[in-house]
Amino acid sequence: MEEIMKHPDELYPLMKLMLSAKRVQKKTSGWLLRPHWAFCYVTLRKVSRSFALVIQQLPSDLRDVVCVYYLVLRALDTVGGTMAFKVLMDQFHHVSTAFLELDTNYQEVIKDIIKRMGEGMAKFLCKEVETIDNYNEYCHYAAGLCGLGLSKLFYASGREDLAPESLSISMGLFLQKISIIRDYLEDINEVPKCRIFWPRQIWSKYVNKLEDFKYEENSVKAVQCLNEMVTNALLHVEDCLVYMSNLRDPAIFQFCAIPQVINMGNLTMYYNNVEIFKGSVEMRRGLCAKIIDQTRTMADVYGAFFDFCCIMESKVDRDDPNATSTLKRLEAISKTCKDSGTLINRRKSYTFSHQSHYNIPVLIIFFFIMLAMLLSTKIP
């Protein structure tokens, strides 16, 4: 409630999101589906941090395909240690049964991507991420191929043209690099052995061991390395914008655009933020809900990326060794957004400040009205 008071404009989209999630969950609930599909959708919600809702809002034909695709990809994740991952592996026969009910065109795409991804990921079981080339290669196998597979599934559905391979891969690379930045502490504290995905070519400029960033005395160097990692991730943004601008189907567009906008917001939060090395840094739920509610067209995407570029630029320390490179990247992305011609007469949509221009008592009343609607709504 405190966050809502600070950001009252996020109340309405948050309540809409809650209603939408309830509606989607009802649509994919166990009693409406055969057991193997019920397992897939229940498990999807348990193992996915951010994609379950957008997957479930795809058209029904693609929803089943992408659900199975995502679960098969997650099953390749050998480090998933939660109970949800254990259940997925123990009862994977349900996913296999669902897979066999998909159209053969979809099956071929999924089999090809999984084979290539598995072979690639196996290379890194005994190989460390030493260079930036290694880093790009690992991210290619971990997520770039996932992006390529999605493009091929969209094409197989007849809803989209086949996107250029390089653009599809960039969509995955951008999200994967942001996840690697976010998960620094979780990976470095992994038992019995830490996981290292930050490339030595970058972090060795600042410390002798990657785990040294955990310690307060290295906080300045830690933030400088973090900023270089963020700048590296920004290299993929322009490809992502081109990819999204070429999508035609509104549901596929939202499926692709919402995670990209949310993660650009996350990247903006991570930049120059020492808290990454102390624990979890997550975008507040209200802002995520606002992004989901307001990401409808490519103009919305350009506007969001422009806003987040402006916020990140305001955080740049001119004494940071990567400041020039970071500003150059942000300038290029901002120029792409401005050149789209969609930012004219546009108000800023996204901010991390706590400014409020709303009548708080009115918002409290509105909150309880929406809550009552949420609790009483009958979902068909």
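In this report, we go over the structure that sits alongside the text. Owing to the predicted nature of the structure, the values given are computational and were not obtained by experimental measurement. (Residues numbered from 1 in each chain as written. Predicted model: local features only at pLDDT ≥ 70, side-chain atom pairs only at ≥ 80, totals over all residues. Heavy atoms only, no water.)

Details of the overall build of the protein chain
The criterion, for reference: Strands here are runs of E lasting at least two residues and helices are runs of H or I lasting at least four, both read from the DSSP assignment and numbered beginning at the N terminus. The contact definition used throughout considers only heavy atoms, calling two residues in contact when any of these lie within 4.5 Å. Exposure was quantified through the Shrake-Rupley algorithm and a 1.4 Å probe, taking into account, for residues, occlusion by the shown protein chains and nothing else.
Scanning the protein chain from terminus to terminus reveals 19 helices and 0 strands. Long-range contacts, defined here as pairs at least 24 residues apart, represent 75% of the contacts in the protein chain between residues at least 6 apart. Surface exposure of the protein chain reaches about 18300 Å², of which carbon and sulfur atoms provide 55%.

Focus: the packing of helix H3 (residues 35-47) against helix H7 (residues 92-100)
The description of two helices packed together rests on the angle between their axes and the distance between the axes. Test applied: Axis lines are fitted through C-alpha atoms, for helices just across the contact stretch, and the angle between N-to-C directions can take any value from 0 to 180 degrees. In these notes the angle categories are as follows: under 35 degrees is roughly parallel, over 145 is roughly antiparallel, 65 to 115 is roughly perpendicular, and the rest is oblique. Crossing handedness is read from the near helix: turned anticlockwise from the far helix by less than a right angle, it gives a left-handed crossing, and turned clockwise, a right-handed one. Basically, the charged four are Asp, Glu, Lys and Arg, the nonpolar ten are Ala, Val, Leu, Ile, Met, Phe, Trp, Tyr, Cys and Pro, and anything else, Gly included, counts as polar.
Taken N-terminus to C-terminus, the directions of H3 and H7 make an angle of 110 degrees; their axes are 8 Å apart at the nearest point. On the basis of the axis angle, H3 is roughly perpendicular to H7. Judged by the twist between their axes, the crossing of H3 over H7 is left-handed. Counting all contacts with H3, which are made through Pro35, His36, Trp37, Phe39 and Cys40, the residues of H7 involved are His94, Val95, Thr97 and Ala98. Grouping the amino acids of the contact of H3 with H7 by side-chain chemistry returns 6 nonpolar, 3 polar and no charged.

Digging into the nonpolar core
What counts, and what does not: By nonpolar core we mean a set of buried residues, namely Ala, Val, Leu, Ile, Met, Phe, Trp, Tyr and Cys, connected to one another through side-chain atoms within 4.5 Å. A 1.4 Å probe rolled over the protein chains alone gives each residue an accessible area, and that area as a share of the maximum for its type sets the label: buried under 20%, exposed over 50%, partly exposed in between.
Residues Trp198, Phe213, Leu241 and Met244 are the most contacted members of the largest nonpolar core, which totals 121 residues. Residues within four places of methionine 244 in sequence aside, it is in contact with Met171, Phe253, Cys256, Ala257, Gln260, Met298, Val301 and Phe305.

Side note on the pattern of salt bridges
To be explicit about the condition: For this analysis, a salt bridge means a side-chain nitrogen from Lys or Arg found within 4 Å of a carboxyl oxygen belonging to Asp or Glu.
Within this structure, the stated rule accounts for 22 salt bridges. Here arginine 200 makes a salt bridge to glutamate 128, at a shortest N to O gap of 3.5 Å. Taken as a pair, arginine 200 in helix H12 (residues 200-203) and glutamate 128 in the loop between helix H8 (104-123) and helix H9 (132-156) lie far apart in primary sequence, 72 residues in all. One salt bridge in this structure joins aspartate 249 and arginine 159, with 3.2 Å as the shortest N-O distance. A residue pair is termed long-range when its members are at least 10 positions apart, and aspartate 249 in the loop between helix H14 (237-245) and helix H15 (250-270) and arginine 159 in the loop between H9 and helix H10 (165-182) qualify at 90 residues. It is possible to trace a salt-bridge network through shared partners that takes in Glu186, Asp187, Glu190 and Arg195.

Topic: the state of the cysteines
Rule in force here: For this text, the term disulfide refers to a pair of cysteine sulfurs within 2.5 Å.
Scanning the entire structure with this criterion turns up 0 disulfides. Lacking any disulfide linkage, cysteine 67 is separated from the closest cysteine sulfur, that of cysteine 40, by 5.1 Å. Residue classification places cysteine 67 among the buried positions, given a relative accessible area of 0%.

Brief notes about the environment of alanine 84
Along the chain, alanine 84 falls in helix H6 (residues 83-90). With 41 residues separating them along the chain, alanine 84 and threonine 43 place their C-alpha atoms 6.9 Å apart. Excluding residues that lie within four positions of it along the chain, alanine 84 makes contacts with Lys46 and Val47.

Some remarks on the packing of H6 against H7
The geometry of H6 relative to H7 is characterised by a closest axis approach of 4 Å and an angle of 60 degrees between their N-to-C directions. On the basis of the axis angle, H6 is oblique to H7. Between H6, through Leu88, Met89 and Asp90, and H7, the contact on the second element is made entirely by Phe92, His93 and Val95. Of the residues in the contact of H6 with H7, the class split is 4 nonpolar, 1 polar and 1 charged.

Overview of the environment of glutamate 119
As for its position among the elements, glutamate 119 is in helix H8. In the structure, glutamate 119 is positioned 22 residues away from tyrosine 141 in sequence and 8.5 Å away in space, judged by C-alpha atoms.

Concerning helix H5 (residues 60-75)
Inclusion rule: The span expected for a helix works out to 1.5 Å for each residue beyond the first.
The end-to-end C-alpha separation of H5 is 23 Å, in line with the 22 Å expected for 16 residues at 1.5 Å each. Burial analysis of H5 places 12 of its 16 residues in the buried class, the great majority of the element. Within the sequence span of H5, burial applies to Leu62, Arg63, Val65, Val66, Cys67, Val68, Tyr69, Tyr70, Leu71, Val72, Leu73 and Ala75.

Observations regarding the side chain of lysine 177
Short version of the rule: The convention is simple: Lys and Arg are positive, Asp and Glu are negative, and His and the chain ends are not counted.
Looking at the element boundaries, lysine 177 is found in helix H10. One buried charged residue, lysine 177, remains without a salt bridge, the closest side chain of opposite sign being aspartate 133 at 9.0 Å. Non-local contacts of lysine 177, meaning those with residues more than four positions away in its chain, are made with Tyr135, Asn136, Cys139, Asn232, Ala233 and His236.

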